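The lines below spell out each chain.
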Amino acid sequence: MSVIARPAVTAPARSSLISAILRFRELAIVVAVIIVFLLTYFKNPSFASVASVQQMLAGPAIIIMLAVGETLVIVTRNVDLSVGSVLGLSAFLVGDLFAHNPHMPVIVALLAGLLVGLVCGVVNGVIVAYARVPALVVTLGMLYIIRGVDAVIDNGVQIEPSQVPQSFVNLGSGTILGIPTLFAIAAVAVAVVGYVMKSFRPARDLYAIGSNPDAAVLAGVRVPRRILSAFAISGALAGLGGALWLAEFATVASTAGTGYELNVVAACVVGGVAIFGGSGTVLGAGLGALLLNTIDQALVAARVSSFWNQAVAGVLLLVAITFDRYVSLRAERLLRVEGAHRDQA
Amino acid sequence: MEDEETAVSSGPADLNHVDSPAAVLVVEGATKFFGPVKALVDGSITLYPGEAHALLGENGAGKSTLVKILAGVHDADGGRMTLDGQTVRFSNPIDAREAGVSVIYQEPTLFPDLSVAENIFMGRHPLRSGKRIDRAEMMRRSRDVFERLGVQMSPSRTARGLSVADQQIVEIAKAISFNAKIIIMDEPTAALTEVEVQRLFDVVATLRKEGAAIMFISHRLEEVFAMCQRVTIMRDGAFVRTSAIGDLTIDEVIYSMVGRDIVSLYGDHTRTPGLNVLEVEHLTREGVFTDISFNVRAGEIVGLAGLVGAGRTEVARGIFGIDRVDAGSVRVMGQNLKSGSPLAAMRAGIGFVPEDRRQQGLVMEMAIDRNASLASIHELSRFGLIRKSSERKLASEWAARLQLKFGRFSNPVKTLSGGNQQKVVLAKWLSRKPRLLIIDEPTRGIDIGTKAEVHRLLGELVEQGIAILMISSEMPEVLGVADRILVLHEGHLAGEFSREDADEASIMRAAAGQMKASAS
């Protein structure tokens, strides 16, 4: 065994550098958030006021919530585009519940929202995992169906602030130790789901499925069941997000959450969740949402036209994806040539 | 090291009594049919603990089918399989794995995004309280396995970027970690360098010492002789013989593998080739193929033979400009061809019929006529608009010439049989009137009747002065159709034979790297 130890050593050095870069993705986003914050602060010192910082945290809370669930789905090489409309449906139904039962406890309202989302997510998951219809098509269809249903059941009626009890509205605008309650809830979701994704076998199965579906089958992973769970959780979190939306805005029209799905996917991708599955963390996705929202607010504070918001988000998205591709292609080529030289030696 | 080696081989190497009760695995008369195709008529093999056993045979001899039955990928149609004396039957890969059979495929099946340790333990992570994954334990066990194997690898790095050799080491580590009794390696050395092969040998020696039975599929006979104690040879889906390796010479092995008269499907023919159409000089793509030089003349079929992984398809892709080459030149009709540009290759008159027609040759959902006209769209369009009538005309002209059997031109190509799909790919390129046709595995997955038709067609094309470069893994096809045969071995040109000099044994020898001296 003496002669042979050598060749295995050459390759890891370089590619561990690459994995280090990818692992530092979360740190890079935190740095980016701080830079954006400081730049804006110099231009407009009121950006650092307590109220502004609180808004910086509360603003993206719901998107963070949705991005957590979306991460689970994208990691399996799927996508859930229905989250925005699930959010809208859940917000409306929970509001409607309040209208009929003004004394409903807060926790029941949150669970009701979660349940509505769970049902939608299970439907998505069954069609994707067992009928093998591409997730893009299924969830896009679901998006339109729910929007249609939304429009029918709310029948032009909005949920008005007067219909939402004060205890619930406090959840949306209150703070705990100075931290906005909404953000605290989202942070707990990130922490819990993030821990689960690291530490439990079924969660690791999701990464296996997205990384190499055929190998996952060979490794005994119950692929359809896992994909179904990912969609179910994504739906449930989107439903919970709907209840929180109601708490935050206290008013719901049938268009609530329109276009959110793209913000959510963008947050995931900026946060380092590979769009082709297999890698990425819940923390990264949450930070991605935070960064995109901070830029949004920074542009407002810097009195840049709001039209630029989306353009900046788009640029970030392209940079993130291009960077990922560049790194992996470059690694591949280096390794191939390196292997060839090792051959000749 | 030497001591270990002799100690091991003195054990099971001299097991000549086939019915020894110590056998860990016995397969008798396994059969497998795919529709009317007999993939396996008599798959038989006996493995003893602690032996390395080679399974040899030509492409299509039924080795892979037998392996897939053992791996639980295919369910045998007949025959008997016993493991440790118990009759077994695997209906899926998990069954086989639980029973202690582990297969290391030629293409490793890793999760590129996950750590090496997690690749080893996917689905079986060690757990601590609350069913949580015990990462420290997982790392420790991975390190243990690598230590047992005597290799250095960091369990925490991601699998992405591992060389094929290192990927195989991870696969072996996986097999060991669930205490496989039988480890099957399908062409493990095909993509390895010599140093890496040596390392694999040492790993195999370690495994044998621990009592595992290794089944080793390889075309590299010198490795088989260096590493294995016994050998089983298959031909045409059937068992031929099992022998102790010391009782056979390389020539005897090759004879057992080939040992048949080639059915003369192909009429005798002599052609007089014309001018050089394709000249390839010193073509090199680092790590893939090296210093490839040859020519193809008008009116001749040059066969490109070699084993899977020898680099035949890669050379073709390099010529056609799909993959970049690092050195060397390609000339078509004396003109230098711009490298890395399929469009330039097409303009110069090269047509490329790829191996995988479903993925690369056809748009399966698109209509027959549209597929046929894909490569000539520019010629068929006026002011940038495709004229349906000329598309139809082209399709019906070629359908008649190639005797295409189809329902309607508007049907999707996927409704056709394999042979007729191949004709559509041919029509697509022939309609461009190419000077050179590169055709990769022209009759793979095509029934025998249509096969002969495709061969006749190739013959007619060269009669008309086209040059053809044909890649084929089927020996009778190479011998029967080609006028000249080039043999690749691990990315190098290992031999060239004229039609008269070529026979199956000498091509096999060159492809297995047994002719290095005479290759220039």
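Criteria and thresholds
The residue numbering used here restarts from 1 in each chain and proceeds along that chain's sequence as written. Think of it this way: whatever chain is written first is A, whatever ligand is written first is 1, and the rest follow in order. Only residues with pLDDT of at least 70 are given local features in this predicted model, and only at 80 or more are side-chain atom pairs given and counted; all residues enter the totals for whole chains, interfaces and linings. Each helix is a run of DSSP H or I of at least 4 residues and each strand a run of E of at least 2, with the numbering of both proceeding from the N terminus. Neighbour counting defines burial: a residue surrounded by 20 or more other C-beta atoms within 10 Å of its own C-beta is buried, one with 12 or fewer is exposed, and intermediate counts give partly exposed, using backbone-placed C-beta atoms. Our contact criterion uses C-beta atoms placed from the backbone: two residues qualify when those atoms are within 7 Å. Annotation comment: domain bounds sourced from an automatic or database domain assignment. We call Asp, Glu, Lys and Arg charged. Ala, Val, Leu, Ile, Met, Phe, Trp, Tyr, Cys and Pro are nonpolar, and the rest, Gly among them, are polar. Here, any two strands with at least 2 DSSP bridges between them count as paired. For every element, the axis is a line fit to its C-alpha atoms; helices are fit only across the contacting stretch, and the angle between N-to-C directions ranges from 0 to 180 degrees. In a left-handed crossing the near helix is turned counterclockwise from the far helix by less than a right angle, and in a right-handed crossing that turn is clockwise.

J.: Give a detailed account of the overall build of chain B, specifying residues and quantitative values.
T.: Of regular secondary structure, chain B possesses 19 helices and 24 strands. Within chain B, the proportion of its 520 residues that are buried is 49%. A separation threshold of at least 6 residues defines the contact pool for chain B, and within that pool the share at least 24 residues apart is 68%.

J.: So what's going on with the domain arrangement of chain B? Which residues, and what values?
T.: Accessible area lost during the coming together of the parts is what is often quoted as the interface size. Residue and element names in this part refer to chain B. Along its sequence, chain B is organised into domain 1 (2-109 + 180-258), domain 2 (111-161) and domain 3 (276-511). On the domain 3 side, the residues contacting the 10 residues of domain 1 number 11 residues. Residue composition of the side of domain 1 that touches domain 3, by class: five nonpolar, three polar and two charged.

J.: Help me get a handle on the sheet that holds strand S14 (residues 289-297) of chain B, residues and values and all.
T.: For sheets, the rule is that strands pair by backbone hydrogen bonds, running either parallel or antiparallel. Residue and element names in this part refer to chain B. Strand order in the open sheet formed by four strands is S14-S13-S16-S17, with antiparallel pairing between adjacent strands. The outermost strands of the open sheet, each flanked by one partner alone, are S14 and strand S17 (335-336). Examined bridge by bridge, strand S13 (residues 276-285) and strand S16 (residues 327-332) share five bridges and lie antiparallel to one another. Counterpart to Leu278 in the pairing with S16 is Val332. Its contacts with the sheet put helix H10 (residues 312-320) on S13, S14 and S16, and the angle it makes with S13 is roughly 110°.

J.: Account for helix H10 (residues 201-211) of chain A, with residues named and values stated.
T.: Burial of H10(A) is extensive: nine of the 11 residues sit out of reach of the surface. Of the residues making up H10(A), those classed as buried are Ala203(A), Arg204(A), Asp205(A), Leu206(A), Tyr207(A), Ala208(A), Ile209(A), Gly210(A) and Ser211(A). Residues of H10(A) that are buried make contact with helix H4 (61-75), helix H9 (181-199), helix H11 (213-218) and helix H12 (223-249) of chain A together with helix H4 (116-121) and strand S8 (132-133) of chain B.

J.: An account of the packing of H4(A) against helix H14 (residues 282-301) of chain A is needed here, citing residue identities and associated values.
T.: All names here are of chain A. Viewed as axis vectors pointing N to C, H4 and H14 meet at an angle of 145°, and their least axial separation amounts to 8 Å. Regarding H4 and H14, the two cross each other, and that crossing is right-handed. Across the interface between the two elements, Ile63, Ile64, Ala67, Val68, Glu70 and Thr71 from H4 touch Val282, Ala285, Gly286, Gly288, Ala289, Leu290 and Asn293 from H14.

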